[in-house]
There are 2 protein chains.
Amino acid sequence: MAQERTSTRRRGRRGQGAAKVMSAGLAGPAYHTVRNTLTSPEVFSEDAVEDIHATALRVLEELGVRVLNAEARDILVAAGCVLRDDMMVHFPRDLVSDRVAQAPREMVWHGGDGYRVEFDMRSLHFMAGGGCPNITDIDRGRRPGTLADFVDLTRLQAHFDTLPALSPSIEPQDVAVNERHLQTTRIQLETAGKVPWIFARGSGQVEDCFEMIRIARGLDEAAFKERIWTYTIINTNSPRQIDVPMAQGIMDFARAGQVSIITPFCLSGAMAPITEAGSLTLSHAEALAGITLAQVTNPGAPVMYGAFSSNVDMRSGAPVFGTPEHIRTNFGAGQLARHIGIPWRSATGTAANAPDFQSATETQLGLWGAVLGGANLIVHAAGWLEGGLTLSYEKFIMDLEACRTITAAMQPVEATPEAISFETIAEVAPGGHFFATEQTMARYADQFYTPLISDWRNFGQWQEAGAVETVDRAQAHWRAILDGFVADGLPEDRREALLDFVERRCAEGGAHPVD
Amino acid sequence: MAQERTSTRRRGRRGQGAAKVMSAGLAGPAYHTVRNTLTSPEVFSEDAVEDIHATALRVLEELGVRVLNAEARDILVAAGCVLRDDMMVHFPRDLVSDRVAQAPREMVWHGGDGYRVEFDMRSLHFMAGGGCPNITDIDRGRRPGTLADFVDLTRLQAHFDTLPALSPSIEPQDVAVNERHLQTTRIQLETAGKVPWIFARGSGQVEDCFEMIRIARGLDEAAFKERIWTYTIINTNSPRQIDVPMAQGIMDFARAGQVSIITPFCLSGAMAPITEAGSLTLSHAEALAGITLAQVTNPGAPVMYGAFSSNVDMRSGAPVFGTPEHIRTNFGAGQLARHIGIPWRSATGTAANAPDFQSATETQLGLWGAVLGGANLIVHAAGWLEGGLTLSYEKFIMDLEACRTITAAMQPVEATPEAISFETIAEVAPGGHFFATEQTMARYADQFYTPLISDWRNFGQWQEAGAVETVDRAQAHWRAILDGFVADGLPEDRREALLDFVERRCAEGGAHPVD
């Protein structure tokens, strides 16, 4: 993997200025294999969970979902759904229950060189912020995302073991939309052996990206379909609507055996009822509709249950995050995910406009809501600002400190007689210290978490060193990572084949997104 | 109460520039009555909890605790402890178990005008940062604390319902140490009906402060002893030592029926073993020793189980907070508190030197560790910097946003048919919005949490308004609170009696702290 190789090389370069990044490298747990050890709150009684689930089924059956994609309507109707009023698909509740039960309860995502990521109801994975049109850093300020930024952000994601899959960090707006999928997929595959994303913006783009993954991983079509190599995020158009490319994406990914993360974006008070329970009922109904479409297309197709519910600021209608409502909705969404037994993707976020204290607090509050709720994949966990309109280089680093800390906090706590330490306590006189005990000497190098950028010096030392605030240390950190970055090293023949493919498809006009 | 009256007055002054503070006032739950609804993690098996408890008892019996206070040694020996080597008190394990069982499992703290705060194993209370020698704000910078700052910080604490008791925010270093307890207690009692603290720096100071509380609350000695009117924090000198004023404080408070929060400050790797289990074993032993001293002095005396364990940075020996070790130790400490069934005080904190992103993240991580661990009182939850060497006016406000959000997130989630909202969902066409539904119209004003200082405008609006960062909004907020502050209004005769007492005692030379 990129980060491991990079780390090894850095070790060999100690004393050449790379030590800062190295010390912040991969000590501690293998972050992407850590399980969530917390007990999720049950804000709903079992009866209430049943009521919400039953009401969601009733919404699907009696009110229906407007499906804008004709093929999707056809296969849903062929499976037993009822079409009314042109595009309104009504889902019989037994059909939904039967089909949702076919979705796998656990799965493995595969990358290059044997890299694997396990997903089940206890996994805890983080993903960087994604889908942002803008990028910002403290020197260059806020501006539209470019391909150069996309390269940097893919490299930064490759560096951190905490992030097992790549996120669609920013939209490179300097690349034409018919070629953008080719360039972003090429960069992901050239940079990291981690699991790449694909946007579902029409079958043309999706098929191009599938082919590029087959080239990079050395797979034929059958081997590709046999395992999970990529994922997409499906957002329904809440309330109760699935548009053309989203429905197409569910079908394309299901047929190819790749993962659709079906994520209604239900904001209480705007696109969803103002109550948490109402918002979750709508979100649950839409997720069940998407999962049913995937299973009708290809029984057993891998999906994730998405719930990205928060509330809006009722004064402006803008989405907000890290609120009590966001936290409580996460608690409830986790109960619904466990009710249907499908791994669950949630998200944190912030409405803040700068990588400042508010942005830290809101991101943390949302993060703990998702972690505590039992989310198996937490999206937008690093770098997001402005409810996703901008990604910040510095906040990306600063947020990862929290993700790593939370993951490390899930490690078991030793309770052997040696850890309980009667003999060590006996070794130190009243009022003394434990620095020189046998136990401390044996453990001091590895016992504690090593921070990425937290500065733990005292005020005097910190001031003498220039009183550098966190955001400036974060800048130094991401720059050092990029300076020292060494890519995974895709085999030369595959890299060339990938480039050839991109060149050919660009010459052919690429593929335009579908509306 | 100060904050309620203030709030009422502000309501009458709308349009006179006080609206900003008003909107940030007391909407939402009565924060100080909220219960913790989360399920605490069990990082230790029941057997491991028993092992740690048994090892702590063994430490007390076989290794002993050095008690520097002669009277405390005498009453412990009279109760059955064994004195060796001059000051080493060895506690028979049955004595400890029997005495700890006498401590109350729940209690009510009383303030002025019927103000009451309930403590039991599900209560969740926050307290501002305390004990800081320095104060900082973004205009005046970092400087030694003064009495004027102490007044301001007491007023700010009085304003927020989230803080049911006052903390010893900063040391007013411009007041002589023999008069400091008189002035700080006077200011607390004049400012707020909330529960004041007293430092245990010798019986002379403590008795002065008890008398001042009796004057302010209109109590005779018997009525004072009958209920809890004040508290103190007892820090043992880890490892295994209780100094003269701390032991005296335990005895003085126990005799007066007031609360000792017995808090070993066990930093893994420094004053305690480097393992979480070892650190907790030592901390538990010291807390049990202090609780035993309180119960031997006065059976049934109110105490809290304190555990303020984190780790040190092994490179510098400095205490750090919000680390994985801090979080895990909080999880374990909660299990030990529940094992003995005594309400538990924990703390968050940060080693950061500025109210920046690191300070927000570390404070939040520590806070969630304590909340999740089930702490009943979380100290240093607002304003702390530099591991407690400095209190920040701005961080005080910014941290309270998180405390309020967490508390509000504990509110029950409605799951009535009206909340689940089938009819409301039916009311909105696919792709529409819920702004105008009957449900939204009925609830929009009160459904969601109203932030103190979070800015939820979009980037353009925020930039046009001057791109004000959180720390600057926090400054405007604390200034507005102080500008509009109206004290509780202690009855005039009591206020005068209090002043007379302070004047007389100052003229008599006050009371010097005891070492």
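Above this text is the structure in question.
Let me sum up the structure you'll find in this document. Residue positions are given per chain, counted from 1 along the sequence in the order it is written. Think of it this way: whatever chain is written first is A, whatever ligand is written first is 1, and the rest follow in order. Totals for whole chains, interfaces and linings use every residue, but because this is a predicted model, local features are given only for residues with pLDDT of at least 70 and side-chain atom pairs only at 80 or more, for both listing and counting.

### Observations regarding helix H19 (residues 470-483) of chain A
Residue and element names in this part refer to chain A.
For step 1, the next point in the chain: A rise of 1.5 Å per residue sets the reference length of H19, with its 14 residues, at 20 Å; its end C-alpha atoms lie 20 Å apart and thus fit the reference within 8%.
For step 2, the next point in the chain: The burial criterion counts other C-beta atoms lying within 10 Å of a residue's C-beta, which is placed from the backbone; the residue is buried at 20 or more, exposed at 12 or fewer, and partly exposed between these limits. Here a strand is any run of E in DSSP of at least two residues, a helix any run of H or I of at least four, and the numbering for each starts at the N terminus. Along H19, the positions that sit buried rather than exposed are Thr 470, Val 471, Arg 473, Ala 474, His 477, Trp 478 and Ile 481. All buried residues of H19 lie within an arc of 155° about the axis, which places them on one face of the element. Take the number of residues in a helix, subtract one, and multiply by 1.5 Å to get its expected span. When we speak of the arc, we mean the arc of directions from the helix axis to the C-beta atoms.

### Examining the nonpolar core
For step 1, the next point in the chain: Core analysis: the largest hydrophobic core is formed by 320 residues, its most contacted members being Leu 60, Val 371 and Ile 378 of chain A together with Leu 60, Val 371 and Ile 378 of chain B.
For step 2, the next point in the chain: Two residues qualify as being in contact provided that their C-beta atoms, derived from the backbone, are within 7 Å of each other. Leave out the neighbours within four places in its chain, and Ile 378 of chain B touches Phe 126, Met 127, Ser 346, Ala 347, Thr 348, Leu 367, Ala 370 and Val 371 of chain B. The term nonpolar core refers to a set of buried Ala, Val, Leu, Ile, Met, Phe, Trp, Tyr and Cys residues connected through C-beta atoms within 7 Å.

### Examining the relation of the copies chain B and chain A
For step 1, the next point in the chain: In this comparison the copies share one frame, found by least squares on the C-alpha atoms of residues holding pLDDT of at least 70 in both. It takes a turn of 180° to lay chain B on chain A, together with a shift of 0.0 Å along the axis; the resulting RMSD is 0.0 Å. Expressed as an axis order, the relation between the two copies is that of a two-fold axis. Proximity to the rotation axis, assessed at the C-alpha, singles out Phe 357 of chain B in chain B; its C-alpha lies 2.6 Å from the axis.

### Some thoughts on unusual backbone geometry
For step 1, the next point in the chain: At the junction of Ser 238 of chain A and Pro 239 of chain A, the peptide bond is cis and its omega measures out at 0° in the coordinates.
For step 2, the next point in the chain: With respect to the helices and strands, Pro 239 of chain A occurs in the loop between strand E9 (231-234) and strand E10 (241-242).
For step 3, the next point in the chain: Residues other than glycine seldom take positive phi values, yet Arg 240 of chain B does so here, at roughly 55°.
For step 4, the next point in the chain: Looking at the element boundaries, Arg 240 of chain B is found in the loop between strand E9 (231-234) and strand E10 (241-242).
For step 5, the next point in the chain: A count of 28 C-beta atoms within 10 Å places Arg 240 of chain B in the buried class.
For step 6, the next point in the chain: Of note, Ala 467 of chain B is a non-glycine position whose phi angle comes to about 50°, a positive value.
For step 7, the next point in the chain: Note that Ala 467 of chain B resides in the loop between helix H18 (459-464) and helix H19 (470-483).

### A word on the pairing of strand E5 (residues 116-119) of chain B
Regular strands place side chains that alternate from one sheet face to the opposite one.
Residues and elements named next belong to chain B.
For step 1, the next point in the chain: Pairing between strands is defined by DSSP: at least two bridges between the two strands are required. Bridging between strand E4 (residues 107-110) and E5 involves 4 bridges; their strand directions are antiparallel. The partner of Trp 109 across the bridge, within E5, is Val 117.
For step 2, the next point in the chain: Counting the residues between successive antiparallel strands, the hairpin from E4 to E5 contains 5 residues, one of them, Asp 113, with a positive phi of roughly 55°.

### Thoughts on the pairing of strand E13 (residues 303-306) of chain A
Residue and element names in this part refer to chain A.
For step 1, the next point in the chain: Every second residue of E13 is oriented toward a common face, with Val 303 and Tyr 305 on one face and Met 304 and Gly 306 on the other, all of them buried.
For step 2, the next point in the chain: The sheet contact formed by strand E11 (residues 259-262) and E13 spans 3 bridges and is parallel. Paired with Ser 260 across the bridge in E13 is Val 303.
For step 3, the next point in the chain: Of the strand pairs in this sheet, E13 and strand E16 (residues 344-347) are connected by 2 bridges, and their pairing is parallel. Bridging from a neighbouring strand, Tyr 305 pairs with Trp 344 of E16.

### Concerning the packing of helix H3 (residues 46-63) of chain B against helix H11 (residues 276-297) of chain B
Helix-helix packing: each pair is described by the crossing angle between the helix axes and the interaxial distance.
All names here are of chain B.
For step 1, the next point in the chain: Only the stretch in contact is used when a helix axis is fitted, and all axes are lines through C-alpha atoms; the angle between N-to-C directions ranges over 0 to 180 degrees. Following both chains from N to C, one finds H3 and H11 inclined at 60°, their axes separated by 8 Å at the closest point. By the criterion of interaxial angle, the relationship of H3 to H11 is oblique. Crossing of H3 against H11: the hand is right-handed. Across from Ile 52, His 53, Thr 55, Ala 56, Val 59 and Leu 60 in H3, the residues of H11 making contact are Ala 277, Leu 280, Thr 281, His 284, Ala 285, Leu 288 and Ala 289.
For step 2, the next point in the chain: Residue classes follow a fixed rule: Ala, Val, Leu, Ile, Met, Phe, Trp, Tyr, Cys and Pro count as nonpolar, while Asp, Glu, Lys and Arg count as charged, and any other residue, Gly among them, counts as polar. Classifying every residue of the contact of H3 with H11 by side-chain character gives 9 nonpolar, 4 polar and no charged. By the definition adopted for this analysis, an angle is roughly parallel if under 35 degrees, roughly antiparallel if over 145, roughly perpendicular if from 65 to 115, and oblique otherwise. Note: crossing handedness is left-handed where the near helix turns anticlockwise from the far helix by less than a right angle, and right-handed where it turns clockwise.

### Some words on the sheet that holds strand E12 (residues 267-268) of chain B
All names here are of chain B.
For step 1, the next point in the chain: Strands sit in the order E12-E14-E15 across an open sheet of 3 strands; the sheet is mixed. In the strand order of this sheet, the two ends are held by E12 and strand E15 (319-320), each with one partner.
For step 2, the next point in the chain: As paired elements, E12 and strand E14 (residues 310-312) share 2 bridges and run parallel to each other. Residue pairing for E14: Leu 267 is matched across the bridge by Ser 310.
For step 3, the next point in the chain: In the packing of helix H12 (residues 324-340) onto the sheet, the strands contacted are E12 and E14, and the crossing angle to E14 comes to about 150°.

### Re the sheet that holds strand E17 (residues 377-379) of chain B
For step 1, the next point in the chain: If you trace the 6 strands from one edge of the open sheet to the other, you get E6-E17-E16-E13-E11-E9 (chain B), paired in parallel fashion. The open sheet terminates on both sides in strands that have one partner only, identified here as strand E6 (125-126) and E9 of chain B.

### Regarding the interface of chain B and chain A
For step 1, the next point in the chain: Contacts between the two partners involve 99 residues from chain B and, on the opposite side, 99 residues from chain A.
For step 2, the next point in the chain: Of all the elements, helix H13 (residues 357-373) of chain B adds the most residues to the side of chain B that touches chain A, at 8 residues.
For step 3, the next point in the chain: Partitioned by chemical class, the residues of the side of chain B that touches chain A number 51 nonpolar, 31 polar and 17 charged.

### Some details on the packing of helix H13 (residues 357-373) of chain A against helix H14 (residues 393-409) of chain B
For step 1, the next point in the chain: Following both chains from N to C, one finds H13 of chain A and H14 of chain B inclined at 20°, their axes separated by 10 Å at the closest point. With respect to their mutual orientation, H13 of chain A and H14 of chain B come out roughly parallel. Judged by the sense of rotation from one axis to the other, the crossing of H13 of chain A with H14 of chain B is right-handed. In this structure, H13 of chain A contributes Phe 357, Thr 361 and Leu 365 of chain A to the contact, and H14 of chain B contributes Met 398, Glu 401, Ala 402 and Thr 405 of chain B.

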